[in-house]
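Listed below are the residues making up each chain.
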Amino acid sequence: MKITPDIICHEFIGTEGKIAQSTHAGYLGISGKIVDETKNTFMIQHEGEMKRIVKDAAVFHFTFSDGAVVEISGKLLVGKPEDRLKKTVKRLW
Amino acid sequence: MFKMNSTAKQIARQRIQVLFQQAARVNKANPTLAQRYVTTARKIAMSARMRLPTSYKREICKNCNALLVPGWNCRVRVKPRRETHVVVTCLSCGGQTRFPVKAKKEKMKLDQNNYKNETPRSA
């Protein structure tokens, strides 16, 4: 899958997510399937429990269905799912 | 005004497809979550100004956005009055949807053949 700046407009429900870095110590090491999404948070199923993660406070590693792993800062993903569809990010490289 | 180009509409189409697949998977275990997925899919379609495919439209309840499974959370009946139509009743919210039933083209062709195969009266 080709990685373009459009990646922030994709659907993350159903992908595997892992938290690589975080400003909150309690979030480190959480991984699992993304179950729900709101304006500021993700719901991850971690070892049978539902955890709510604030998007602003973490850097995520998402694994898509074809095996690609993408690292995205949570600050770029803030927004309701239907508003995130129209967002643009300036290409820096 | 924000105009969507074709790549953005393609992404929207993919997102709706993924959401409906995930909703079908979690429906039996967690119907409320499936309802949330369908609501999000409809909002994405509204934001991208595109229609849902007919097959998806027919398996959701327009009132409460539940994913309908015949025999489990909805009732399907065929009614003959006025014109033949199908009525789907959602058992959780009571909302009804109707859509018409059209005679298929193959059936009409068979009827024409039947008339042709009849033996003529003057023999």
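A quick note: this is a predicted structure, and the numbers were derived from the prediction, not measured. Within each chain, residues carry numbers counting from 1 in the order of the written sequence. Chain A is the first chain written and ligand 1 is the first ligand written, with later ones labelled in order. It should be noted that, the model being predicted, local features are given only for residues of pLDDT at least 70 and side-chain atom pairs only at 80 or more, the latter also being counted only at that level, while totals for whole chains, interfaces and linings use all residues.

Undergrad: What am I meant to see in the nonpolar core here?
TA: Generally speaking, soluble globular proteins have nonpolar side chains that are buried together. Linking buried Ala, Val, Leu, Ile, Met, Phe, Trp, Tyr and Cys residues through C-beta atoms within 7 Å yields a set, and such a set is a nonpolar core. Burial in this document is a count-based property: other C-beta atoms within 10 Å of a residue's C-beta are tallied, and the residue is buried at 20 or more, exposed at 12 or fewer, or partly exposed in between, with C-beta positions derived from the backbone. Core analysis: the biggest nonpolar cluster contains 29 residues, and L19, A23, V38, A41, L67 and L68 of chain B have the highest contact counts within it. Two residues form a contact once the distance between their C-beta atoms, set from the backbone, is within 7 Å. In contact with L19 of chain B, not counting residues within four places along its chain, are E11 and I13 of chain A together with Y37, T40 and A41 of chain B.

Undergrad: Sorry, what's going on with the pairing of strand β2 (residues 31–37) of chain A here?
TA: Where a strand is regular, its side chains alternate between the two sheet faces. All names here are of chain A. Across 3 bridges, the pairing between strand β1 (residues 16–22) and β2 is antiparallel. Opposite K18, over in β2, you have S31 as the bridge partner. DSSP bridges decide pairing: two strands pair if at least two such bridges lie between them. By the criteria applied, helices consist of DSSP H or I runs no shorter than four residues and strands consist of E runs no shorter than two, each listed in order from the N terminus. Two strands pair when backbone bridges link them, and β2 and strand β3 (residues 41–46) are joined in this way by 4 bridges, in the antiparallel orientation. Bridged to I34 within β3 is I44.

Undergrad: What is the right way to look at the interface of chain B and chain A in this model?
TA: Quite often, the size of an interface is put as the accessible area lost when its parts meet. If you look at the interface, chain B gives 15 residues, while chain A gives 11 residues. A total of 8 residues in the side of chain B that touches chain A trace back to one element, the largest contributor, which is helix α1 (residues 6–26) of chain B.

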